[in-house]
Amino acid sequence: MWPTLQNDTFLRACLRQPTDYTPLWLMRQAGRYLPEYKATRMKAGNSFMGLATNVQYATEVTLQPLDRFPLDAAILFSDILTVPDAMGLGLSFGAGEGPRFAHPVRDEAAVAALAVPDLDKLRYVFDAVTSIRRALETTDTQGRRVGRVPLIGFSGSPWTLACYMVEGAGSDDYRLVKTLLYSRPDLMHRILEVNAAAVTAYLNAQIDAGAQAVMVFDSWGGVLADGAFQRFSLDYTRRVVAGLKRTVNGEKDGQRIPCIVFTKGGGPWLDEIASCGADVVGLDWTVNLGRARQLVGDRVALQGNLDPNVLFAPDAAVAREAVAVLDSFGRPQRPDGTWDGHIFNLGHGISQHTDPERVTTLVEAVHRHSRAMRSAA
């Protein structure tokens, strides 16, 4: 049995329950903008996968931003491409380069060979989840064992994984994956079916290991045309969400495990995404939070959505823009007493070039202004 949480504000906001302030965490909050992360990476041979596959190092870098900033959630340090790597596609990260697969999936034989991987190949991920949960434990003022903040597990969406699997790396034009989609939709659906089953099993194993919320990153969903997005991205994300374990195993209170779905560029389909079964919908910075709140109503909480480049501006501008995001969402409590959840985040991952002092300014501004909004008459 895990201890109770000292700070459950993030989970409460995910479930649209009352909170004293708007919780905040940052996509890629454990990463290259932190000097302590760089030092740990050097210990791992300056290798990203050396970090991600080492339980001790993955635990260390997950906790680093929490030791520096009063964030309201931790997120597992890993990569969205661990699942296709476990399928045997040969994931690597070259010096100064993004992810690359040695064996991309581009023909009928490669598609036919795909299968849900043996989850034992991803044991390092699940062991890291459990290790991080244990490392998040502390004692309160009464000497009782408590958890500091919740831990978020995650995966890439079936479509986003398929993009990397077909392209073999990142892409500017998505030519290969879109060619396959339009010329052989049967093969694309086969890839997505395998990916959906694999992602569902992967996230459920993270939940079993101790993840208290899970997030599906549909990072490339926004590159699809209307119609194609629904058939090749959203439908398979919906399958994953439907197959997730939603209560903590073995806990009598049936504590719910929130699910977050984030589609970069998904603003045009917000109404449909909000109906996919997730508890929270993440938004990029192109979406107006106030209008999004009106559109989704009481179906889901919202997460986002500050432009990450705001963090290159002076402190006063960072604070001003944070306040603007909060004001756009508005007071979380409705006149009838019900609550609409808001989790403050960036509209995408934090840049490696960000000054950590700007993050300090951001966290302080969000917590301060959101408390003031709740106390206002």
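The rules behind the values
- Residues numbered from 1 in each chain as written.
- Predicted model: local features only at pLDDT ≥ 70, side-chain atom pairs only at ≥ 80, totals over all residues.
- Heavy atoms only, no water.
- Helix = DSSP H or I, 4+ residues; strand = E, 2+ residues; numbered from the N terminus.
- Rg over C-alpha atoms; globule rule 2.2 N^0.38 Å.
- Buried < 20%, exposed > 50% of the residue type's maximum accessible area, 1.4 Å probe, protein only.
- Contact = heavy atoms within 4.5 Å.
- Lys, Arg positive; Asp, Glu negative; His and termini not counted.
- Charge placed at Lys NZ, Arg CZ, Asp CG, Glu CD.
- Polar contact = N/O pair within 3.5 Å; in protein donor to acceptor, adjacent residues only side chain to side chain.
- Axes fitted to C-alpha atoms, helices over the stretch in contact; angles between N-to-C directions.
- Left-handed = near helix turned anticlockwise from the far one by under 90°.
- Nonpolar A, V, L, I, M, F, W, Y, C, P; charged D, E, K, R; others polar.
- Core = buried A, V, L, I, M, F, W, Y, C linked by side-chain atoms within 4.5 Å.
- Expected span 1.5 Å × (residues − 1).
- Salt bridge = Lys/Arg side-chain N within 4 Å of Asp/Glu carboxyl O.
- Parallel < 35°, antiparallel > 145°, perpendicular 65-115°, else oblique.
- Phe/Tyr/Trp six-rings, centres within 6.5 Å; stacked < 30°, edge-to-face > 60°.
- Lys NZ or Arg CZ within 6 Å of the ring centre and 35° of its normal.
- Pairing = 2+ DSSP bridges.

> Before we go on, may I ask you to explain the overall build of the protein chain in this structure?
For the protein chain, the count of helices and strands is 15 helices and 11 strands. Relative to the 2.2 N^0.38 estimate, which gives 21 Å for 377 residues, the radius of gyration of the protein chain is 20 Å and therefore close to what a compact globule would have. Among the 377 residues that make up the protein chain, the fraction classed as buried is 58%. Taking all contacts inside the protein chain whose residues are at least 6 apart in sequence as the whole, residues at least 24 apart take part in 72%. When the 39 basic and 41 acidic side-chain charges of the protein chain are each reduced to a single mean position, those positions are 2 Å apart.

> Got a minute to help me understand unusual backbone geometry in this structure?
Working note: non-glycine residues mostly have negative phi, and peptide bonds are mostly trans. The omega torsion of the bond from Gly304 to Asn305 falls at -5°, within 30 degrees of zero and hence cis. Summarising the element assignment, Asn305 is placed in the loop between strand S10 (301-303) and helix H14 (315-329). Phi at Asn46 is positive, roughly 55°, even though this residue is not glycine. Its location among the elements puts Asn46 in the loop between helix H2 (35-43) and helix H3 (48-52).

> Got a minute to help me understand the side chain of Gln303 in this structure?
Its place among the elements puts Gln303 in strand S10. Among the polar contacts made by the side chain of Gln303, one reaches the side chain of Trp25 at a distance of 3.1 Å. Look past the residues within four positions of Gln303 in its chain and what remains in contact with it is Phe10, Trp25, Met215, Ile260, Val280, Val281, Gly282, Leu283, Ile343 and Asn345.

> What exactly am I supposed to notice about the packing of helix H7 (residues 123-135) against helix H10 (residues 185-209) here?
A packed helix pair is summarised by two numbers, namely the angle formed by the two axes and the spacing between the axes. One way to put it is that H7 packs onto H10 with a least axis distance of 8 Å and a crossing angle of 30°. Seen from above, H7 lies across H10 with right-handed handedness. Facing H7, whose interface residues are Val125, Phe126, Val129 and Thr130, H10 presents Tyr202, Ala205, Gln206 and Ala209. In the contact of H7 with H10, the residues fall into 6 nonpolar, 2 polar and no charged.

> I'm lost on the nonpolar core in this one. Help?
Note that soluble globular proteins tend to have their nonpolar side chains buried in a common cluster. Formed by 133 residues in total, the largest nonpolar core has its most connected members in Phe10, Trp159, Met188 and Leu362. In terms of residue count, the dominant contributor to this core is H10 (13 residues). In contact with Leu362, not counting residues within four places along its chain, are Leu24, Leu26, Leu306, Leu311, Val318, Ala322, Phe344 and Leu346.

> Could you clarify how one ought to interpret the environment of Asp186 in this entry?
Here Asp186 shows up in helix H10. With a relative accessible area of 44%, Asp186 lands in the partly exposed category. Sequence-wise, Asp186 and Phe126 are 60 residues apart; in three dimensions their C-alpha atoms are separated by 33 Å.

> Before we go on, may I ask you to explain H10 in this structure?
Count 3.6 residues to each turn of an α-helix, and residues three or four apart come out pointing the same way. For H10, built from 25 residues, the straight-helix expectation of 36 Å at 1.5 Å per residue is met to within 8% by its first-to-last C-alpha distance of 36 Å. Count one or two residues on from H10 and you reach Gly210, which has phi positive near 135°.

> Explain the pattern of salt bridges to me, please; I cannot follow it from the model alone.
For side chains bearing opposite charge, pairing can occur when the charged atoms are close. Within the structure shown, the criterion is met by 18 salt bridges. The salt bridge involving Arg334 is made with Asp340; its shortest N-O contact spans 2.7 Å. A residue is classified by how much of its surface remains accessible, and Arg334, at 29% relative accessible area, is partly exposed. Notably, a salt bridge pairs Asp355 with Arg358, separated by 3.2 Å at the nearest N-O pair.

> Would you mind showing me how to read the packing of H2 against helix H4 (residues 55-68) here?
Viewed as axis vectors pointing N to C, H2 and H4 meet at an angle of 170°, and their least axial separation amounts to 9 Å. Regarding the angle of H2 to H4, the classification is roughly antiparallel. Side by side, H2 and H4 meet where Pro35, Glu36, Tyr37, Thr40 and Lys43 of the first sit next to Tyr57, Glu60, Val61, Gln64 and Arg68 of the second. Residue composition of the contact of H2 with H4, by class: 4 nonpolar, 2 polar and 4 charged.

> Help me out: how do you make sense of the packing of aromatic side chains in this one?
Each aromatic ring pair is described using two quantities: the centre-to-centre distance and the angle formed by the ring planes. Counted according to the given criterion, the structure contains 9 aromatic pairs. Relative to Tyr202, the ring of Phe126 has its centre 5.9 Å away and its plane inclined at 55°; by these criteria the two rings are tilted. Of this pair, Phe126 sits in helix H7 while Tyr202 is found in helix H10, placing the two residues 76 residues apart along the sequence. Centroid distance Phe154 to Phe217: 5.6 Å. Interplanar angle 85°. Geometry classified as edge-to-face. Placement of Phe154 in strand S6 (residues 151-156) and of Phe217 in strand S7 (residues 213-218) is noted, with a sequence separation of 63 residues between them. The burial state of Phe154 is the same as that of Phe217; both residues are buried. Through pairs of rings, three or more aromatic residues link up here, namely Tyr37, Phe48, Phe77 and Phe93. For the cation-ring pair, Arg293 lies above Phe329, with the distance from its terminal atom to the ring centre recorded as 4.5 Å.

> How should I be thinking about the sheet that holds strand S8 (residues 259-263) in this particular structure?
Strand pairing in a sheet relies on backbone hydrogen bonds, with the paired strands running either antiparallel or parallel. Taken in spatial order, the 7 strands make up an open sheet running S1-S6-S7-S8-S9-S10-S11, and their pairing is parallel. Both edges of this open sheet fall to strand S1 (74-75) and strand S11 (342-343), since each of them pairs with a single strand only. Sheet topology places strand S9 (residues 280-282) next to S10; 3 bridges connect them, and they run parallel. Counted as the bridge partner of Gly282 is Gln303 from S10.

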